[in-house]
Amino acid sequence: MRKIFKGIHQFQTNYFTTHQELFERLSLGQHPRILFITCSDSRIDPNLLTQTEPGELFIIRNVGNIIPPYGATAGGEGAAIEYAIKALGIKHIIVCGHSHCGAVKGLLQVGNLSQQMPLVYDWLKYAEGTRQIIEENYQDYEGEDLLNAAIEENILTQIENLRTYPAVHAKLYKGELEIHAWVYKIETGGVYVYSAERCNIKAHHEDDSLETLEGRQTSNPNWNGNGKVGIVRSATK
Ligand SMILES: [Zn+2]
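Keep in mind the model is a prediction, meaning the values are calculated, not measured.

Novice: Outline the overall build of the protein chain, supporting the account with residue identities and numerical values.
Specialist: Along the protein chain, the regular secondary structure elements total 11 helices and 6 strands. Looking at the protein chain as a whole, 30% of its 237 residues are labelled buried. Taking all contacts inside the protein chain whose residues are at least 6 apart in sequence as the whole, residues at least 24 apart take part in 66%.

Encoded structure:
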């Protein structure tokens, strides 16, 4: 904890004093335009990754960047989504998965979790759609390729869940909200931007031309190590 308290002292004496005007303005209210949904994983820092200031991102974090479908639970995710849209007038929602996600690893071996981590096991049922897509479509994948495919598919599953919220649905219908599907790769700092529409990612992976993906190929086509990534474009490279 010593490091944490030292950090607070440094924040107050350095960052805060040079940004005092910002914090005074923020004390009057928040006006973020982006809802950022990501994993609790300590290796992700949404503000660092997007180089945004306090007040710019409204953030939901949980194990596996999971959004339970509307009505499935009275959890905080639904409340945060509703508040973001109704009270804050959020215009963009980013669902950001990440490489080496422990939650998605757990999902691939979910049977082992029921005794060991029953709460995680229960939580992962909101990603069951991902597990079944993987089970039925990725039999020929293994190891890191399988995990990466599950990470990609899971952001699309969670976006489908997100669309079940009436507040989200209504704004999408009016064209006043955009949803973005991202995967952050910890080891390279790369951010991969996918089409948020449910598509057959696997088919894209196996498509040599990549022309179907809006004609754009990521400049770092090694996400799955096979040079055939089903990625629309890279946001950062
Ligand atoms: Zn994770």
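Novice: Account for the nonpolar core, naming residues and giving values.
Specialist: If you look at soluble globular proteins, the nonpolar side chains tend to sit buried side by side. Formed by 44 residues in total, the largest nonpolar core has its most connected members in Leu 35, Ile 37, Ile 93, Ile 94, Val 95, Ala 181 and Trp 182. At the level of secondary structure, the elements contributing two or more residues to this core comprise strand S1 (34-39), helix H4 (76-87), strand S3 (92-98), helix H5 (102-108), helix H8 (128-137), helix H9 (143-162), strand S4 (178-184) and strand S5 (191-194).

Novice: How would you summarise the pairing of S1 if you had to cite specific residues and measurements?
Specialist: Along S1, 6 of the 6 residues are buried, which leaves the element largely enclosed by surrounding structure. In terms of strand pairing, S1 meets strand S2 (residues 57-62) through 6 bridges, oriented parallel. Bridge assignment links Ile 34 to a residue of S2, and that residue is Leu 57.

Novice: Before we move on, can you summarise the pairing of S5 with the specific residues and values?
Specialist: Judged by which residues are buried, S5 turns out to be one-sided: Tyr 192 and Tyr 194 face inward and are buried, whereas Val 191 and Val 193, on the alternate face, are not. Where S4 and S5 come together, 4 bridges link them in antiparallel fashion. The partner of Ala 181 across the bridge, within S5, is Tyr 194. In this structure, the hairpin formed by S4 and S5 is closed by a connection of 6 residues, where Gly 189 is found at a positive phi of approximately 75 degrees.

Novice: Just give me the short version of unusual backbone geometry, but keep the residues and values in it.
Specialist: Positive phi values are uncommon outside glycine, yet Gln 51 reaches one of about 50 degrees. For Gln 51, the position within the fold is in the loop between helix H3 (46-50) and S2. For Gln 51, a count of 7 C-beta atoms within 10 Å corresponds to the exposed category.

Novice: Break down the packing of H8 against H9 for me, citing the residues and quoting the values.
Specialist: One way to put it is that H8 packs onto H9 with a least axis distance of 9 Å and a crossing angle of 135 degrees. It follows from the interaxial angle that H8 and H9 lie oblique. You can see that H8 and H9 cross each other, and the crossing is right-handed. Judged by residue contacts, Gly 129, Thr 130, Ile 133 and Ile 134 of H8 engage Ala 149, Ala 150, Glu 153, Asn 154 and Thr 157 from H9. Its residues placed into classes, the contact of H8 with H9 shows 4 nonpolar, 4 polar and 1 charged.

Novice: Residue-level account of the environment of Val 168, with values.
Specialist: Mapped onto the fold, Val 168 is located in helix H10 (residues 166-173). Exposure remark for Val 168: the 24 C-beta atoms within 10 Å place this residue in the buried category.

The rules behind these values
Residues numbered from 1 in each chain as written. Predicted model: local features only at pLDDT ≥ 70, side-chain atom pairs only at ≥ 80, totals over all residues. Helix = DSSP H or I, 4+ residues; strand = E, 2+ residues; numbered from the N terminus. Buried ≥ 20, exposed ≤ 12 C-beta atoms within 10 Å, placed from the backbone. Contact = placed C-beta atoms within 7 Å. Core = buried A, V, L, I, M, F, W, Y, C linked by C-beta atoms within 7 Å. Pairing = 2+ DSSP bridges. Axes fitted to C-alpha atoms, helices over the stretch in contact; angles between N-to-C directions. Parallel < 35°, antiparallel > 145°, perpendicular 65-115°, else oblique. Left-handed = near helix turned anticlockwise from the far one by under 90°. Nonpolar A, V, L, I, M, F, W, Y, C, P; charged D, E, K, R; others polar.

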